[in-house]
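Residue-level structural notes
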Amino acid sequence: MVLPEDFNACQSIVQQFQAFFDHPGIEKIGHNLKYDIKVLLKYGIKVTAPIYDTMIAHYLINPDMRHNMDVLAETYLQYRPQSITELIGKKGKNQRSMREVPIAQQTEYAVEDADITFQLKQHFSQELASGGTQELFDTVELPLVPVLTAMEAEGICLDTPFLNELSIQLQTDIDALEKGIFKQAGETFNLASPKQLGPILFDKLKLVDKPKKTKTGQYSTAEDVLSYLAKDHPIVANILEWRSLQKLQNTYVTALPQEINPKTGRVHTVYNQAVAATGRLSSNNPNLQNIPIRTPRGQEVRKAFIAKDADHVLLAADYSQIELRIIAALSKDPAMVSAFQEGQDIHTATAARVFGVAPDAVNRAQRSQAKTVNFGIIYGVSAFGLSQQTELNRTEAKELIDTYYASYPQLRNYMSDQIHFAREHGYVTTVLGRRRYLKDINSQNAVVRGAAERNAVNAPIQGSAADIIKLAMIRLQHRIQEDGWRAKMLLQVHDELVFEVPKDELDDFQILVKKEMEQAFTLDVPLEVDLGVGQNWLEAH
DNA sequence: GAAGTCACG
DNA sequence: ACGTACGTGACTTCA
């Protein structure tokens, strides 16, 4: 039947199926179930029955591939389902509503969808078992679905008047900068067009002899290039400033208020549980995992994320150095493990070892260099890459890396073990057995192979961190429900969770959050969580 | 829709 | 000799 357009009439029909969605003996199989569960939630239906999500199953089977149902049907079932485009037309203003499609066609489409999903499950159950990811699926990824559903449905408050005021200030500065830049350039042009900007900087003003080009042959005007040239001409600093303000204005300050849901008055991101090849989540519509924090003007944007009223605060809880702790634990490097066990500042401890001085004697430049190498290790450093990120030349960068490995000898062994494992098995794994396949690990092409080798090192680290925070989220949401907390989990930003907490619960809830996150997984080094509280997200850091 | 750029961890 | 740090999403320009 076609459901009525009237919400209440529709709801009274849909709600008759509540018992079905609760029935523990009838598993609910779907492809991207979070989407369907959220639709049902709009009508007050809660899905409490066991679930099986074929999109997530395939994500664990091969995280690097796409997981569209039509592609999967062709691959696994040798069947090409009717496309949604055939039914309602291409995306755009002429696209029909499903309601306008004749009921017979709707029915055919719906039952085909259900049938394919059911058949895909039979294939994927086999593959999950043979890939060793059945437990990860059952105990982490599926239990995470209702957690993410609840977070998305909850949303977060935005201080719109504050953003509107910020927008006016930004625009004043943007206009003034633009005026100055055109004067310095001696002409007006589209400043947002790198294609137009390049010739001004490198043909007209001749800032350098051999300008760096992009892969399509156009002059590169990227931030790292321009930062390097800022000392040569005052126009460059102005361009960089204009770019950063324009970015804040367009991507956040004017865009975010338009994302507020009029029904809830809050912003509801959508988490994608099946895109990041390492096991991380991603966030879109809007992306709330890349809200500015690094610059003073950017921090103003973060201030706009607020608790819902004066009786609540935002609580931010982030894992301290989780990826370095993981590489320390996985490599079992004695020096790095003991640095964490003794609660030392890891960058200072690293600098002390690398530069051969006492920890108190480490200066800022040394700590900063050690920090850059520590991060570089996670990504798979090269001397060239490190020299790009620091003041060092390639020779100095190479020396620093060599000294680093001498300080943490087990790290080098661990990394080469990962690469060898990948060469032999074709994949690497995280602490919970999540796999990433690396088809290029034995490539003849050194560039391609090098990239795969860096992935062999990075994926287990980034992916294990993702595993651990997912465990913490599931446990915390469980405790929130079972113990009857009124606090809500709102956001996840890779190593951070953000909660909205009634002030009268705050002291006890902080203890719970810290404990559950730190105890989520046991490594040979302690996990440490920093907490922050405030009326807004910036204060909570 | 690709390319370039830049926000975050 | 060669090209180079890991993972994302959003915005603007331009063919």
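Small disclaimer: the values here were computed from a predicted structure and weren't measured.

**Focus on the domain arrangement of chain A**
Each assigned domain of chain A is listed here: domain 1 (7–131), domain 2 (158–265), domain 3 (282–321 + 466–540) and domain 4 (324–463). Between the C-alpha centres of domain 1 and domain 4 the distance comes to 42 Å. In this complex, domain 1 contributes eight residues to the contact, which on the side of domain 4 involves four residues. For the pair domain 1 and domain 4, the summed buried area comes to about 470 Å², and 37% of that belongs to carbon and sulfur atoms. Taken together, domain 1 and domain 4 are joined by one salt bridge. With its nearest N and O atoms 3.3 Å apart, the salt bridge here joins D64 to R436. Inspection of the domain 1/domain 4 interface yields two residue pairs in polar contact (both at pLDDT 80 or more). If one sorts the elements of the side of domain 1 that touches domain 4 by residue count, helix α4 (residues 54–61) sits on top with three residues. Of the residues that constitute the side of domain 1 that touches domain 4, the class distribution is four nonpolar, three polar and one charged.

**Section: the protein's contact with DNA strand C**
S193, K195, S282, N285 and V381 are the nearest of the 33 residues found near DNA strand C. For DNA strand C, the backbone makes up 64% of the atoms found within 4 Å of the protein, where backbone means sugar plus phosphate. S282 places a side-chain nitrogen or oxygen 2.7 Å from a phosphate oxygen of DNA strand C. Taking N287, its side chain carries an N or O atom lying 2.9 Å from a sugar or linking oxygen of DNA strand C. Going through the elements one at a time, α10 (194–204), α12 (234–253), β7 (282–284), α17 (364–379), α18 (383–389) and α21 (446–482) are the ones with two or more residues in the surface near DNA strand C. It is α21 that provides the largest number of residues to the surface near DNA strand C, a total of five residues. A per-class count over the surface near DNA strand C returns nine nonpolar, 18 polar and six charged.

**A look at helix α9 (residues 160–185)**
Along an α-helix, a turn takes 3.6 residues, which lines up residues three or four apart on a common side. Compared with an ideal rise of 1.5 Å per residue, which puts 26 residues at 38 Å, α9 spans 36 Å between its outermost C-alpha atoms and is within 8% of the ideal. Taken together, the buried positions of α9 are L163, L166, S167, L170, I174, L177, I181, F182 and A185. Residues of α9 that are buried make contact with β3 (157–158), α10, α12 and α13 (296–303). The opening residue of α9 is D159, an N-cap whose side-chain oxygen sits 3.2 Å from the backbone nitrogen of F162. With its phi angle positive at about 80°, G186 sits one or two positions after the end of α9.

**Quick word on the side chain of N62**
Position of N62 among the secondary structure elements: in the loop between α4 and α5 (69–77). When sequence neighbours within four positions are dropped, the list of residues in contact with N62 reads H67 and Y437.

**Quick look at the environment of Q11**
Here Q11 shows up in helix α1 (residues 7–14). C-alpha of Q11 to C-alpha of H31: the two residues are 20 residues apart in sequence and 23 Å apart in space. Among residues more than four places away in sequence, those in contact with Q11 are K42, Y43 and G44.

**Observations regarding the packing of helix α16 (residues 346–355) against α17**
The angle between the axes and the distance between the axes are what describe a pair of packed helices. The N-to-C vectors of α16 and α17 enclose an angle of 100°; their axes lie 8 Å apart at closest approach. The angle between the axes of α16 and α17 places the two elements in the roughly perpendicular class. Listed contacts from α17 to I346, H347, T348, T350, A351 and F355 of α16 are Q366, R367, Q369, A370, K371, N374 and F375. Residue classes in the contact of α16 with α17 are distributed as five nonpolar, six polar and two charged.

**Here we look at the sheet that holds strand β13 (residues 496–502)**
Read across the open sheet, the four strands follow the order β12-β13-β9-β14; overall the sheet is antiparallel. The sheet is open, and its two edges are formed by β12 (488–492) and β14 (529–534), each paired on a single side. Direction aside, the axes of adjacent strands within the sheet are offset by 25° on average. Two strands pair when backbone bridges link them, and strand β9 (residues 312–319) and β13 are joined in this way by seven bridges, in the antiparallel orientation. Residue pairing in the sheet places L314 in a bridge with E500 of β13.

How each quantity is defined
Residues numbered from 1 in each chain as written. Chains lettered and ligands numbered in written order. Predicted model: local features only at pLDDT ≥ 70, side-chain atom pairs only at ≥ 80, totals over all residues. Heavy atoms only, no water. Domains from an automatic or database assignment. Contact = heavy atoms within 4.5 Å. Buried area = accessible area lost by both parts, 1.4 Å probe. Salt bridge = Lys/Arg side-chain N within 4 Å of Asp/Glu carboxyl O. Polar contact = N/O pair within 3.5 Å; in protein donor to acceptor, adjacent residues only side chain to side chain. Helix = DSSP H or I, 4+ residues; strand = E, 2+ residues; numbered from the N terminus. Nonpolar A, V, L, I, M, F, W, Y, C, P; charged D, E, K, R; others polar. Near = heavy atom within 4 Å. Expected span 1.5 Å × (residues − 1). Buried < 20%, exposed > 50% of the residue type's maximum accessible area, 1.4 Å probe, protein only. Axes fitted to C-alpha atoms, helices over the stretch in contact; angles between N-to-C directions. Parallel < 35°, antiparallel > 145°, perpendicular 65-115°, else oblique. Pairing = 2+ DSSP bridges.

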